[in-house]
Amino acid sequence: MTIDIPNLESLHTAARTFIEQMGDRHIFAFYGTMGAGKTTFIKALCEELGVEQVITSPTFAIVNEYDSPVTGGVIYHFDFYRIRKLEEVYDMGYEEYFYSDALCFIEWPELVESLLPDDAVRVEVVEQADGTRQVRM
């Protein structure tokens, strides 16, 4: 499935479309170049899922936790950009997050790919030549 995002005004519509397609899957690995819009799209997803907390990239914290009244649970938002060794991910107890059945949105998953559950959904956020974005799931 491909979702076109022609401008920022259509971001939340795209997020709603994505949510409709998530089904019962809960691990989403977001691939894309720096500046492609991964964090911006995840923020829109969280907002559409009713998160009221401030949603920011967890670049330094590695993981942020948000409450979602829509799902009735938590959402974990990971950013593995600063991970240098897999031991850091083991030390943070990644299994407790990935295997909790909570929604997990993961940025820079290529750095921890060997640890991702088999049912993780690959999501690509691609900036087009004209500056628009596509989300491919």
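Here the structure is a predicted model, which means the values were calculated and not measured.

Student: Describe in detail the pattern of salt bridges, supporting the description with residues and values.
Tutor: Taken as a whole, this structure holds 4 salt bridges when the rule is applied. One salt bridge connects Arg133 with Glu127, and the closest N-O pair in it is separated by 3.6 Å. Judged by relative accessible area, which is 22%, Arg133 ranks as partly exposed. A relative accessible area of 43% means that Glu127 is categorised as partly exposed. In the salt-bridge network here, residues are joined through shared partners; they are Glu113, Arg122 and Glu124.

Student: I'd like a description of unusual backbone geometry, backed by residues and values.
Tutor: Positioned with a positive phi, Ile62 is a non-glycine residue whose angle comes to about 75°. Turning to its location among the elements, Ile62 is positioned in the loop between α2 (38-48) and β3 (63-68). Of note in the backbone geometry, Asp101 takes a positive phi value of approximately 70° without being a glycine. Assessed through its relative accessible area of 63%, Asp101 is described here as exposed.

Student: Go over the state of the cysteines with me, naming the residues and quoting the values.
Tutor: Every disulfide links exactly two cysteines, by a covalent bond between their sulfur atoms. Enumeration over the complete set of coordinates arrives at 0 disulfides. Cys46 supplies the cysteine sulfur nearest to Cys104, a cysteine that is in no disulfide, at a spacing of 11 Å.

Student: Break down the side chain of Asn64 for me, with residues and values.
Tutor: Topologically, Asn64 is positioned in strand β3. Overall, the relative accessible area of 15% leaves Asn64 in the buried class. Of the polar contacts made by the side chain of Asn64, one reaches the backbone oxygen of Thr56; its length is 2.9 Å. When near neighbours in sequence (up to four residues on either side) are disregarded, Asn64 contacts Thr56, Ser57, Pro58, Ile75, Tyr76 and His77.

Student: Please give an account of the packing of aromatic side chains that cites residues and values.
Tutor: For the structure on display, the rule yields 14 aromatic pairs. Taken together, a centroid distance of 6.3 Å and an interplanar angle of 55° make the contact between Phe30 and Phe41 tilted. Of the two residues, Phe30 sits in strand β2 (residues 27-31) while Phe41 sits in helix α2, which places them 11 residues apart along the sequence. By the burial criterion, Phe30 is buried, and Phe41 matches it. Residues Tyr90 and Tyr94 carry aromatic rings whose centres are separated by 5.7 Å and whose planes lie at 70° to one another, so their mutual orientation is edge-to-face. Following the ring pairs from residue to residue traces out a cluster consisting of Tyr76, Phe78, Phe80, Tyr90, Tyr94, Tyr97 and Phe98. Taking NZ or CZ as reference, Lys38 lies 4.2 Å from the ring centre of Trp108, over its face.

Student: Which residues make up the nonpolar core, and what are the values?
Tutor: The biggest cluster of nonpolar side chains holds 26 residues, and the ones touching the most others in it are Phe18, Phe28, Phe30, Phe41 and Phe105. Broken down by secondary-structure element, the contributors of at least two residues to this core are β1 (2-5), α1 (11-21), β2, α2, β5 (103-107) and β6 (121-127). The biggest single contributor to this core is α2, with 5 residues. In contact with Phe28, other than residues within four places in its own chain, are Phe18, Met22, Leu103, Cys104, Phe105, Ile106, Val121, Val123 and Met137. Ranked by size, the runner-up nonpolar core spans 20 residues in total, among them Val63, Tyr94, Phe98 and Trp108.

Conventions we followed
Residues numbered from 1 in each chain as written. Predicted model: local features only at pLDDT ≥ 70, side-chain atom pairs only at ≥ 80, totals over all residues. Heavy atoms only, no water. Salt bridge = Lys/Arg side-chain N within 4 Å of Asp/Glu carboxyl O. Buried < 20%, exposed > 50% of the residue type's maximum accessible area, 1.4 Å probe, protein only. Helix = DSSP H or I, 4+ residues; strand = E, 2+ residues; numbered from the N terminus. Disulfide = S-S within 2.5 Å. Polar contact = N/O pair within 3.5 Å; in protein donor to acceptor, adjacent residues only side chain to side chain. Contact = heavy atoms within 4.5 Å. Phe/Tyr/Trp six-rings, centres within 6.5 Å; stacked < 30°, edge-to-face > 60°. Lys NZ or Arg CZ within 6 Å of the ring centre and 35° of its normal. Core = buried A, V, L, I, M, F, W, Y, C linked by side-chain atoms within 4.5 Å.

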